[in-house]
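Structural description and commentary
Take a look at the letters that make up each chain.
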Amino acid sequence: MEYKGKLIKGVGGLYDVRLPGGEILSCKAKGAFRHASVKPCVGDDVTVREEGGYVLQDIAPRRNCLIRPPISNVGVIFITFAAAEPEPVLLNIDKLTCIAEHCGIRPVITVTKADIAPERAEELADVYRSSGFPTFVSGKDDSALPAIRDYLHTECSGEIACFAGASGVGKSTLMTALFPELALKTGEISAKIGRGKHTTRHVELYPLDRLFGDGTDGYIADTPGFSLLDFVRFDFFDKEALPNTFPEFEPYIGQCRYTRCTHLCEEGCAICEAVKRGEIKPSRHESFVSMYHDLKDKHKWDN
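What counts and how
- Residues numbered from 1 in each chain as written.
- Predicted model: local features only at pLDDT ≥ 70, side-chain atom pairs only at ≥ 80, totals over all residues.
- Heavy atoms only, no water.
- Buried < 20%, exposed > 50% of the residue type's maximum accessible area, 1.4 Å probe, protein only.
- Helix = DSSP H or I, 4+ residues; strand = E, 2+ residues; numbered from the N terminus.
- Arc of directions from axis to C-beta.
- Axes fitted to C-alpha atoms, helices over the stretch in contact; angles between N-to-C directions.
- Parallel < 35°, antiparallel > 145°, perpendicular 65-115°, else oblique.
- Contact = heavy atoms within 4.5 Å.
- Nonpolar A, V, L, I, M, F, W, Y, C, P; charged D, E, K, R; others polar.
- Salt bridge = Lys/Arg side-chain N within 4 Å of Asp/Glu carboxyl O.
- Core = buried A, V, L, I, M, F, W, Y, C linked by side-chain atoms within 4.5 Å.
- pLDDT = per-residue confidence, 0-100.
- Pairing = 2+ DSSP bridges.
- Right-handed = clockwise from strand over helix to strand, strands pointing away.
- Polar contact = N/O pair within 3.5 Å; in protein donor to acceptor, adjacent residues only side chain to side chain.

Our focus in this paragraph is helix H5 (residues 171-178). What H5 keeps buried is the set Lys171, Ser172, Leu174, Met175 and Leu178. Along the axis of H5, the buried positions cluster into a sector of 160°, meaning they face one direction only.

As C-alpha cells, this is what we get:
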C-alpha cells in the first residue's frame, strides 16, 4: 500500500511523514536514495510504501530547497534577528533576503529584543519596511505577537512558513510565545563566543491546523540558526541575477545611462542616484556591492 504525505521531521535516518488526515508515519528511506546521492529534506512531498515497515519511496519535484537551514518547498521565511545582543550583521540578513527572493520565497522581517535597544530596532525596521518587506518589531511586552500570529493565519495558509536567523536572536522564544503548545527549547548566548547553546538542532514542521485549531492548511518550521551564508561556496546564483533579488531596485532597473551598468558606482546609475536621494537605504546598497564582489569571479564551471 502507498501513502502520500509531507516529510515533517528527519533525525538519524528516520523520517516522520504526515498524511493528509493527520496520521504520522515513521519510516526509513529506500537505499536507492543513498546510491543516487539524494537526501530527503524536511518539507518534501513524498510517497511512502508499506513493506513490512514504512519505506520512503519517492520525492516529488521541489519548488525550492534551501541548504542552510535545510528545508524544501518553503513559501514564506521569517528572517529573525535581534536589535542587540547579538548585534545584527546586516550583510548576512540581506544575503538571506536575496536567497529567498531568488527561490520564490516571500521574506518577512522580524526584529526581536526591541526592549533592549528600541531606537535601533525601529531604525532596522525602517530599513526593511522601506525595502518592501513586511516587518514586525518584537520585545518583552509581546505587543507584536497578535500581528505576527494574524499574518501567519491569513497570509501563510497553504504554505510552509520558516523562521530562520542566527542562534540566540530569539527565534524559538518568539515561536513559543506565539504558540505555547510547541514548548520549543530556547537558547542562551555564550558570553565567550556569542553563539547560542542548547538551541534547535534539526528542522521540524508543525501543522498550522494544529496550532490554530480551525483547519488552516500549511506548516510552520523551527530551524537551526545560521552563522554564515557564503554565496560562492553555496552557489545560489550569479551576479547577473543579483539586482533582481533586491525588490527596491526594481523601479530603477533599466533606467541607467549605460546598458551594462553594474550598479556599483557608475555615473548615471539610476540605483546609485536613488541611494543618494534616500530612496534606497545605504546599508542595502552596501550589501549589494559586497555580494557583487563575492560573485563576480564565480563561473558556472567552478561548481
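On to the packing of helix H4 (residues 145-155) against H5. Relative orientation of the contacting elements H4 and H5 amounts to 80°, with a least axis distance of 10 Å. Put simply, H4 runs roughly perpendicular to H5. Contact residues: H4 offers Leu145, Ile148, Arg149 and Leu152, while H5 offers Leu174, Ala177 and Leu178. Classifying every residue of the contact of H4 with H5 by side-chain character gives six nonpolar, no polar and one charged.

What follows is about the pattern of salt bridges. Taken as a whole and judged by the stated rule, the model has 17 salt bridges. Ionic pairing is found between Arg63 and Glu159, a salt bridge with its closest N-O pair at 2.8 Å. With Arg63 in the loop between strand S5 (54-59) and strand S6 (65-66) and Glu159 in the loop between H4 and strand S11 (160-164), this residue pair connects regions lying 96 residues apart in the sequence. Sharing partners across several salt bridges, the network here consists of Glu2, Arg49 and Glu51.

Within the largest apolar cluster, 66 residues are counted, with the highest numbers of intra-cluster contacts made by Ile71, Ile77, Val111, Tyr128, Leu205 and Leu242. The dominant element in this core, judged by the number of residues it contributes, is helix H2 (residues 90-102), at six residues. What Leu205 contacts, discounting residues up to four positions off in sequence, is Lys6, Leu7, Ile8, Val42, Gly43, Ile71, Ile160, Tyr219, Ile220 and Ala221. Listed in part, the 21 residues of the second largest apolar core include Val108, Ile148, Leu178 and Tyr206.

Okay, the confidence of the model for the protein chain next. For the protein chain, per-residue confidence averages 86 on the pLDDT scale, and residues scoring 70 or more make up 86% of the total. For the protein chain, the element scoring lowest by mean pLDDT is strand S12 (residues 188-189), at 42; helix H8 (residues 270-276) scores highest, at 97. When the criterion is pLDDT under 50, residues 186-200 qualifies, and its contacts beyond four places in sequence or with other chains add up to 26 contacts.

Here we take up unusual backbone geometry. Here the amide bond leading from Glu85 into Pro86 is cis, since omega sits at 10°, within 30 degrees of zero. Counting through the fold element by element, Pro86 comes out in the loop between strand S8 (76-82) and H2. A positive phi is found at Asp142, a non-glycine position, where the angle reads about 60°. Among the secondary structure elements, Asp142 is positioned in the loop between strand S10 (135-137) and H4. Positive phi, normally seen in glycine, also occurs at His263, with a value near 65°.

Moving on, we get to the pairing of S8. With respect to burial, S8 is a largely interior element, seven of its seven residues being buried. Of the two faces of S8, the one holding Val76, Phe78, Thr80 and Ala82 and the one holding Ile77, Ile79 and Phe81 are both buried throughout. Relative to strand S9 (residues 106-112), S8 runs parallel, the two sharing seven bridges. Residue pairing in the sheet places Val76 in a bridge with Arg106 of S9. Handedness of the S8-H2-S9 crossover: right-handed. Direction of pairing for S8 relative to S11: parallel, over a ladder of four bridges. Looking at the pairing, Phe78 lines up with Phe163 of S11.

As for its placement among the helices and strands, Ser131 is situated in the loop between helix H3 (118-130) and S10. According to the relative accessible area criterion, Ser131 is buried, its value standing at 3%. At 2.7 Å, the side chain of Ser131 and the backbone oxygen of Val127 are in polar contact. Once you skip the residues sitting within four places of it in the chain, Ser131 turns out to touch Pro247, Glu248 and Arg284.

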